[in-house]
Amino acid sequence: MSTSRKPLDATAYLCIVMLCTLWGGQQILFKLTIDDISPSMQIGLRSILGCVLLALFMWYQGTSLALWRGPWRAGMAVGLIFGLEWWMIGESLRLTTASHLVVFLYTAPIFTALGLHIWVPEENLSRRQWFGVFVSFIGIAVGFIGGANQPHFDLKMLLGDLLALGAGLGWAVTTVLIRTTGLAKLPATQTTFYQLFFAALALLFACFVTGQLNVRWSPFLVVSLISQGVLIAFLSLLVWFWLLKHYLASRVSIFTFLTPLIGVSFGVLILDEPLHAEFVWGALMVMLGVIMVNWPSKIAAMTEQAKSV
């Protein structure tokens, strides 16, 4: 019986748009509640909720929760880097706009492609992909340099943008580690549990050290935390892995470029964040480069489809 992955259909497109909307909109929730709770504390608490829900799901599936019997050192490393990534995201939101964050964060596929080019021989970059990397880095430069000339731009905003870019790099490092260590042989739920568990510990410790433990509870904050824990830290991951399992992964991944588009749109419409022309052009160049790097060649697509049969 064939178990081949399918081309994208209406269900896949609907799921992808839903995921990109959730991922692009989460920064807005952080900004709206930043006076009541630090973003790092909020991410740490939602990660704990995601851990609990994921553990229950793994128990229901019969997946082992004895993670200390697996590649726990690699799992801890990935989880701590994942926590560092989210700490940089939280600190970035305290300094820059949600629009800037989501664009610079989603440079991660570029750094991932470079890392896999170095560490995984079969993932060498083609000429088109190298050109996409070049276009993205030019876009980053345009976004930074152009923004520095704007009246509303200051050194804090520059630091926030750099932290967002660092978070994208951290995201890429976790992806490369998962691909090149024993974590690659684990079920996706176990790898995700490593990430959420150690990230939650790291984030809460960072909040303790930096004095960001204070929370001013409100009905909106409670709803925000619960919805993020359920929809983003748990459900969105399960839907993502389901898409990768049932559809051609290269086709699914390419459409994540919608996330920064949606994130920037939310930032402008909901938070009334300013956009300058240089940042817009830089963001478009970054997204174009990401598409060029991740768009599958005909040979790669045929190979992927053949392996999935």
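For the structure itself, look to the data block above.
Each value, and the rule that gives it
- Residues numbered from 1 in each chain as written.
- Predicted model: local features only at pLDDT ≥ 70, side-chain atom pairs only at ≥ 80, totals over all residues.
- Heavy atoms only, no water.
- Axes fitted to C-alpha atoms, helices over the stretch in contact; angles between N-to-C directions.
- Helix = DSSP H or I, 4+ residues; strand = E, 2+ residues; numbered from the N terminus.
- Left-handed = near helix turned anticlockwise from the far one by under 90°.
- Contact = heavy atoms within 4.5 Å.
- Nonpolar A, V, L, I, M, F, W, Y, C, P; charged D, E, K, R; others polar.
- Phe/Tyr/Trp six-rings, centres within 6.5 Å; stacked < 30°, edge-to-face > 60°.
- Buried < 20%, exposed > 50% of the residue type's maximum accessible area, 1.4 Å probe, protein only.
- Polar contact = N/O pair within 3.5 Å; in protein donor to acceptor, adjacent residues only side chain to side chain.

Chemist: With reference to specific residues and values, describe the packing of helix 5 (residues 108–119) against helix 7 (residues 155–180).
Modeler: Direction vectors running N to C along helix 5 and helix 7 enclose 40°, while the axes themselves pass 8 Å from each other. Crossing of helix 5 over helix 7 shows right-handed handedness. Contact residues: Ala108, Phe111, Thr112, Gly115, Leu116 and Trp119 in helix 5; Leu165, Gly168, Leu169, Trp171, Ala172, Thr175, Val176, Arg179 and Thr180 in helix 7. Tallied by class, the residues present in the contact of helix 5 with helix 7 amount to nine nonpolar, five polar and one charged.

Chemist: Go over the packing of aromatic side chains with me, naming the residues and quoting the values.
Modeler: Between two aromatic rings, the relevant description is the distance of the centres plus the angle of the planes. Counting across every chain of the model gives 14 aromatic pairs. Pairing Phe111 with Phe137 gives two aromatic rings, centres 5.8 Å apart and planes at 70°, and the pair type is edge-to-face. Within this pair, whereas Phe111 is found in helix 5, its partner Phe137 is found in helix 6 (residues 127–148), the two being separated by 26 residues in sequence. Taking the relative accessible area as the measure of exposure, Phe111 reaches 15% and is therefore buried.

Chemist: Describe the side chain of Ser136, with residues and values.
Modeler: One can find Ser136 in helix 6. Overall, the relative accessible area of 1% leaves Ser136 in the buried class. Within polar-contact distance, the side chain of Ser136 engages the backbone nitrogen of Val290 at 3.5 Å. Beyond its immediate sequence surroundings of up to four residues, Ser136 is in contact with Ile110, Met285, Val286, Gly289 and Val290.

Chemist: Describe the environment of Leu155, with residues and values.
Modeler: Relative to the elements of secondary structure, Leu155 occurs in helix 7. Put simply, Leu155 and Val215 are 60 residues apart on the chain and 28 Å apart in space, counted from C-alpha to C-alpha.

Chemist: Break down the packing of helix 4 (residues 98–105) against helix 7 for me, citing the residues and quoting the values.
Modeler: Contact geometry for helix 4 and helix 7: axes closest at 8 Å, N-to-C directions at 30°. For the pair helix 4 and helix 7, the sense of crossing is right-handed. Every residue of helix 7 that contacts helix 4 at His100, Leu101, Phe104 and Leu105 is listed here: Met157, Asp161, Ala164, Leu165, Ala167, Gly168 and Trp171. Of the residues assigned to the contact of helix 4 with helix 7, the class counts are eight nonpolar, two polar and one charged.

Chemist: Any chance you could break down the side chain of Ser99 for me, citing the residues and the numbers?
Modeler: Topologically, Ser99 is positioned in helix 4. On the accessibility criterion, Ser99 (0% relative accessible area) is buried. Polar contacts involving the side chain of Ser99 include one to the side chain of Glu273, which spans 2.6 Å. Setting aside anything within four residues of it in sequence, one finds Ser99 in contact with Val264, Gly267, Val268, Glu273, Leu275 and Phe279.

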